[in-house]
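For reference, the chains in residue letters:
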Amino acid sequence: MTGKTAFETRCGFARSAVLLSNWRENPFNRWSFQNVGELVPSAPVAASGGTEPPRQELGSLLGEKVSLASGPETVASFLARSDTDALTIMKAGTIVGDWFAPHMDFGGRHIIFSISKSFTAILAGILEGEGIFDPEAPVISYVPEARGSAYGDASIRHVLDMSVSLDFEEAYLDPESAFARYRRATLWNPGGGTESLREFILTLQRLAEPHGQTFRYRSPNSDLLGMLVERASGKRLTDLLREKLWLPLGAASEASITVDMEGTARTAGGISVTPRDLARVGEMMRQGGTANGRRVVPEAWVRDTVETGGSSEAWQRGTMAFLFPEGRYRNKWYQTGAQSGAFCGIGIHGQWLYVNPKAEVVIAKMSSQPVPVDDQLDVEAAAFFEALSRMV
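All of the points below concern the structure found in this document. (Residues numbered from 1 in each chain as written. Predicted model: local features only at pLDDT ≥ 70, side-chain atom pairs only at ≥ 80, totals over all residues. Heavy atoms only, no water.)

## Comments concerning the packing of helix α4 (residues 115–129) against helix α8 (residues 220–233)
Okay, so step 1: Interaxial distance between α4 and α8 falls to 10 Å at its minimum, and their mutual angle equals 30°. One way to sum up the angle between α4 and α8 is to call them roughly parallel. With respect to the hand of their crossing, α4 and α8 are arranged in left-handed fashion. On α8, the residues that touch K117, T120, A121, A124 and L127 of α4 are S222, L225, G226, V229 and S233. (Axes fitted to C-alpha atoms, helices over the stretch in contact; angles between N-to-C directions. Helix = DSSP H or I, 4+ residues; strand = E, 2+ residues; numbered from the N terminus. Parallel < 35°, antiparallel > 145°, perpendicular 65-115°, else oblique. Left-handed = near helix turned anticlockwise from the far one by under 90°. Contact = heavy atoms within 4.5 Å.)

Pasting the structure below:
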């Protein structure tokens, strides 16, 4: 027989076509972003096992129009144009709508890439509240072997706010770059297994500029943050995620995170969760750090992260000010500077966790955009979320 398999019929390609060398490329990413554990070693993060409420259709909202810089566009059209795999919207703590592309099932997990950074910072905030983690301490007070690297004279605050003067570029598409070597160390690219993530990070060097002056988006900072919270707590990152965040949050589904050859968690980008559970993290932040009637993270830490903290000067000196002209960056979260008080976590290929306090709205968007970074589409997405928040 020469008929297509069920996999080929649904996805348009054979499972055997998805490789470690192409899993982040279109069209394979439409499947691989939901099944990262089949390609990269991953560790589970157990949930409480609660029942997930039924799927809620967006219904007529899909036909409503939003005004973007490119002109009026329906919600459905923007979701398709931005390669959306899943969307969940919450209003005042209640799920008001879900949307899934044909290639993604309700309840499925999806990698959130750099929103993983925001999750890891929450753990740091929790440990700070417990008195066992000092964000103003030198990195070497927890990781002494970082002496001699770019982090040898950096503080944890520099790491949290992406203001380490790090000589490293996020060259996602350059196979000969230091970023490609970084990806090999995380086992995300072929050729890994000879250098661990920890070993790679400790080779990074600094620029001449002092730390703290310029926002520089550098993912290794956030993998180092994972190591810092492990050292402070004496626990593995996966255990911390389960104990400190996933169970108190009331997450309904198991999460996972990719790990390297030593079992080090890829806290800069390796977490996979369901859209509903991603939205629950946003709702917890909207509620000032509480979920299900219990405190998860200190209120003061949340307020500092999403309202008052962060350097606008450092943000303006960085390369992302075009996205949020009045924005700031604090504890791995973006403050948009909008009148709505909106803040968000963002990941490559179109992952968003958008929180609008004024409208009491949380939006989780998971995507499989063909390229890692699309600046114009990111600007449109931010405007889309602001408009959508006013509509629900």
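## Re the pattern of salt bridges
Okay, so step 1: As enumerated under the stated definition, the model contains 29 salt bridges in all.
Okay, so step 2: Residue R10 pairs with D105 through a salt bridge whose shortest N-O separation is 2.7 Å. Taken as a pair, R10 in helix α1 (residues 6–11) and D105 in the loop between β5 (94–100) and β6 (110–111) lie far apart in primary sequence, 95 residues in all.
Okay, so step 3: When its relative accessible area of 43% is taken as the criterion, D105 is described as partly exposed.
Okay, so step 4: The partner of R231 in a salt bridge is E145, with the nearest N and O atoms 2.5 Å apart. Taken together, the residues span a long stretch of sequence, with R231 in helix α8 and E145 in the loop between α4 and α5 (156–160) at a distance of 86 residues.
Okay, so step 5: What you see here is one network of salt bridges that share partners, running through E52, D98, R276, D277 and R280. (Salt bridge = Lys/Arg side-chain N within 4 Å of Asp/Glu carboxyl O. Buried < 20%, exposed > 50% of the residue type's maximum accessible area, 1.4 Å probe, protein only.)

## Some remarks on the sheet that holds strand β1 (residues 42–45)
Okay, so step 1: Strand order in the open sheet made by the 4 strands is β1-β7-β8-β6, with antiparallel pairing throughout. Strand pairing shows two members of the sheet lacking a second neighbour, β1 and β6, which therefore form its edges.
Okay, so step 2: Bridge count between β6 and strand β8 (residues 271–273): 2 bridges; the pairing is antiparallel. Bridging from a neighbouring strand, H110 pairs with V273 of β8.
Okay, so step 3: Contacting β1, β7 (255–258) and β8, helix α9 (residues 237–249) crosses the sheet at an angle of about 25° to β1. (Pairing = 2+ DSSP bridges.)

On their own, these measurements won't tell you what the molecule is for.
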